[in-house]
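# An overview of the molecular structure
Listed here are the chains, written in short residue letters.
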Amino acid sequence: MWMFKMFFKDDGEFFEYDPLGMQGAAGTEKALPYLESLLSFLELDPADWEPLLQQATAGLEQFLSTGDPTYTDRMMQTLAELSAKHIYFQLLYLQWFARKATGKIESRMAEELRLRLLPAQLTAYRKQAQRFLERILDIDQVGREVRKNMREAYLFDGPRDNNFFHFEPTPISLGVIRGGDCGEILYPNTIRDLIDFSIRECVRREIPVRRCRSCGRYFPITGRITAEYCSRPSSSGKLCRSTAPVRKWAESRRSDQVFQEYRREYKRRFAWIKAGKLTEEQFAAWHKAAKARKKDCDREIISLDEFKSWLKNS
C-alpha cells in the first residue's frame, strides 16, 4: 500500500510519501514555500519532462507486447529520473512502483493509454492553470478580489470559458498535520489533483499573485500587498526580495553618476560657446556623440570610467 499526501500550513506546503511505495506510511517529507510546487511546475520546460514520459510509455508498451519485465525495469528507471525533475512526478513514480511490485501491470489498453495520454493532458492543465493565474489571481491585472474574479469567470461549479481550469472532486480528508494541528490533506490520484488542490487553496485563502519585478516569475502575496519582489528559491540560492532592492539602489546610483558626469561636461562646453572657444555646430556634433556614449554607459556597454575618459578627451 503506497502513500502520498499533500497539505498546506501557514506559509508553506508539505508533501509526505513512502519512498519505497509499499510501506503505507510517510518516510519522506518535502517542504516548500506556499504555492511553489504549482508555480515551478508551470515554469518547467516541456523539453525536460515530455521525452522522459514518452520513454516510459515506450517501455510499458514493449512490456505489454512481450511480457519481458526488463522493459518495466527501464520504465521505472525513467520515471525515477522524471521524479527528480519535480515533486508532482514523484506521485507518478510511486503509483507505477506499487503496480510493478504487486504485479498489477496488466496487459490492458487502459494501462498503456494512461501514460501515452499524459503529456497532452499535462500540457492542457498547465495552460488552463496559467490562464487562471492571469485572469483570477494576478493582482496587477485583475485586482486583489479573488472571489469576485471567480464569480465573474465561473457559473455555479463550472467555468464560463472552457480554457479555464475545471475544478473536479478531489480525494481530500481531514487529519493531523505538522505541529499537531488539524487540516485538510490531499491524497492525490493524479497530478491534476495536485494542481486543483493548490489553485483552490489560493481561492479559499484569497491569496493573489504578482510577477516579481526582478526575475519576472509569479509569487504569492502572503504578506504585504505592496510587495514587488519574490522570495522564491532560485538557482543561485539568492532571493530577489533580498538582492533586488540593493541592486536597484546601485543601478540608480550609477545612473545618477553617469548623468552628473554628462551634465558637468555639457555645461562646461556650453560655456565655451559664449567664450568663443567652440561654435554651435561643433557643440551640436559633440552633444550628439555624448548622448550616444551616455546611452552606452547606461546600458553598461561601456564602463563609467570609460565614459568619463571619453568626455575628458573628446
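This text gives an overview of the structure that appears in the document. (Residues numbered from 1 in each chain as written. Predicted model: local features only at pLDDT ≥ 70, side-chain atom pairs only at ≥ 80, totals over all residues. Heavy atoms only, no water.)

## Some words on the overall build of the protein
Stated formally: The way it works is that DSSP assigns letters per residue, a run of H or I at least four long becomes a helix, a run of E at least two long becomes a strand, and they are numbered from the N terminus. For every residue, the accessible area obtained with a 1.4 Å probe (protein chains only) is divided by the maximum for its type, and the residue is called buried under 20%, exposed over 50%, and partly exposed between those limits. Computed by Shrake-Rupley with a 1.4 Å probe, the accessible areas treat only the displayed protein chains as cover when residues are assessed.
Summing up its helical and strand segments, the protein has 12 helices and 9 strands in all. Taken across its 314 residues, the protein has 42% of its residues classed as buried. Entry remark: accessible area of the protein is about 17300 Å², with carbon and sulfur atoms responsible for 49%.

## A few points about the pairing of strand β1 (residues 4–9)
Note the cut-off: The pairing criterion for strands is at least two bridges between them, as found by DSSP.
Counted residue by residue, β1 has 6 buried out of 6 residues, so it is predominantly covered. On β1, burial covers both faces: F4, M6 and F8 on one face and K5, F7 and K9 on the other are all buried. Alignment of β1 against strand β2 (residues 12–17), held across 6 bridges, turns out to be antiparallel. When the sheet's bridge partners are listed, K5 is paired in β2 with E16. Here β1 folds back onto β2, and the loop between the two strands holds 2 residues, one of which, D10, carries a positive phi near 55°.

## So, the packing of helix α4 (residues 87–101) against helix α9 (residues 191–205)
Spelled out, the test is: Simply put, an axis is a line fit to the C-alpha atoms, just over the touching stretch for a helix, and the angle between two N-to-C directions goes from 0 to 180 degrees. Here a crossing is called left-handed whenever its near helix is offset anticlockwise from the far helix by less than a right angle, and right-handed whenever the offset is clockwise. Whether two residues are in contact is decided by their heavy atoms: any pair within 4.5 Å suffices.
Running from N to C, α4 and α9 point in directions that differ by 145°, and their axes come no closer than 9 Å. Classified by chirality, the crossing of α9 by α4 is right-handed. Together, Y88, F89 and L91 of α4 and I191, L194, I195 and S198 of α9 make up the contact between the two elements.

## Quick notes on the environment of W310
For W310, the location among the structural elements is in helix α12 (residues 304–313). Put simply, W310 and R293 are 17 residues apart on the chain and 8.3 Å apart in space, counted from C-alpha to C-alpha. Ignoring any residue separated from it by four or fewer positions in sequence, one finds W310 in contact with W286, A289, A290 and R293.

## Points about helix α3 (residues 69–83)
Stated precisely, the cut-off is as follows: Helices are assigned an expected span. That span is 1.5 Å times one less than the residue count. When we speak of the arc, we mean the arc of directions from the helix axis to the C-beta atoms. Identification of polar contacts relies on pairs of N or O atoms within 3.5 Å, with a donor-acceptor requirement for protein atoms, meaning one able to donate a hydrogen and the other able to accept it, and with residues adjacent in sequence counted only if both atoms are side-chain atoms.
Helix length check: α3 (15 residues) gives 21 Å between terminal C-alpha atoms against 21 Å at 1.5 Å per residue, within 8%. Buried within α3 are the following residues: Y71, T72, M75, M76, T78, L79, L82 and S83. End-on view of α3: buried residues confined to an arc of 160°, all on one side of the axis. Measuring from the backbone nitrogen of T70 back to the side-chain oxygen at the start of α3 gives 2.9 Å, which picks out D68 as the cap.

## Things to note about unusual backbone geometry
Only a minority of non-glycine residues have a phi that is not negative, and only a minority of peptide bonds are not trans. Notably, D10 is not glycine yet its phi reads approximately 55°, a positive angle. Looking at the element boundaries, D10 is found in the loop between β1 and β2. Although it is not a glycine, E206 adopts a positive phi angle of roughly 55°. Its location among the elements puts E206 in the loop between α9 and β8 (209–211). Note on E206: relative accessible area 36%, which makes it partly exposed.

## Observations concerning the pairing of strand β6 (residues 172–176)
Where β6 and strand β7 (residues 182–186) come together, 5 bridges link them in antiparallel fashion. Residue G175 lies in a different strand from β7, and its bridge partner there is G183.

## As for α12
Residues lying three or four places apart along an α-helix face the same way, a consequence of the helix completing one turn every 3.6 residues. Among all positions of α12, only L304, F307, W310 and L311 are buried. One side of α12 carries all its buried residues, which in axial view fall inside an arc of 125°. Set apart from the buried face of α12 by more than 90 degrees, the exposed residues are D305, K312 and N313.

## Some points on the pattern of salt bridges
For side chains bearing opposite charge, pairing can occur when the charged atoms are close. For clarity, the cut-off: The working definition used for a salt bridge is a side-chain nitrogen of Lys or Arg within 4 Å of a carboxyl oxygen of Asp or Glu.
Throughout the structure, instances matching the rule amount to 23 salt bridges. In this structure, R217 engages E43 in a salt bridge whose closest nitrogen and oxygen atoms are separated by 3.9 Å. Of the two residues, R217 sits in the loop between β8 and β9 (218–220) while E43 sits in helix α1 (residues 36–43), which places them 174 residues apart along the sequence. According to the relative accessible area criterion, R217 is partly exposed, its value standing at 21%. Here K294 makes a salt bridge to D298, at a shortest N to O gap of 2.9 Å.

## Description of the packing of α1 against α4
Basically, it comes down to this: In this scheme, roughly parallel covers angles under 35 degrees and roughly antiparallel covers those over 145, while 65 to 115 is roughly perpendicular and the rest are oblique.
At a minimum axis separation of 9 Å, α1 and α4 run at an interaxial angle of 90°. By the angle between their directions, the pair α1 and α4 is classed as roughly perpendicular. Mapping the contact onto sequence places S37, L38 and F41 in α1 and I87, Y88 and F89 in α4.

## Overview of the environment of F41
When you line up the elements, F41 lands in helix α1. Under the relative-accessibility criterion, F41 is labelled buried at 0%. Along the chain, F41 and I195 lie 154 residues apart, while their C-alpha atoms are 9.1 Å from each other. Contacts of F41, omitting those with residues within four sequence positions, involve H86, Y88, F89, L122, R126, I191 and I195.

## Remarks on the side chain of K294
Structurally, K294 can be placed in helix α11 (residues 280–298). In this structure, K294 is in contact with V258, F259, Y262 and F307, ignoring residues within four places of it in sequence.

These values are about where atoms sit, not about what they do.
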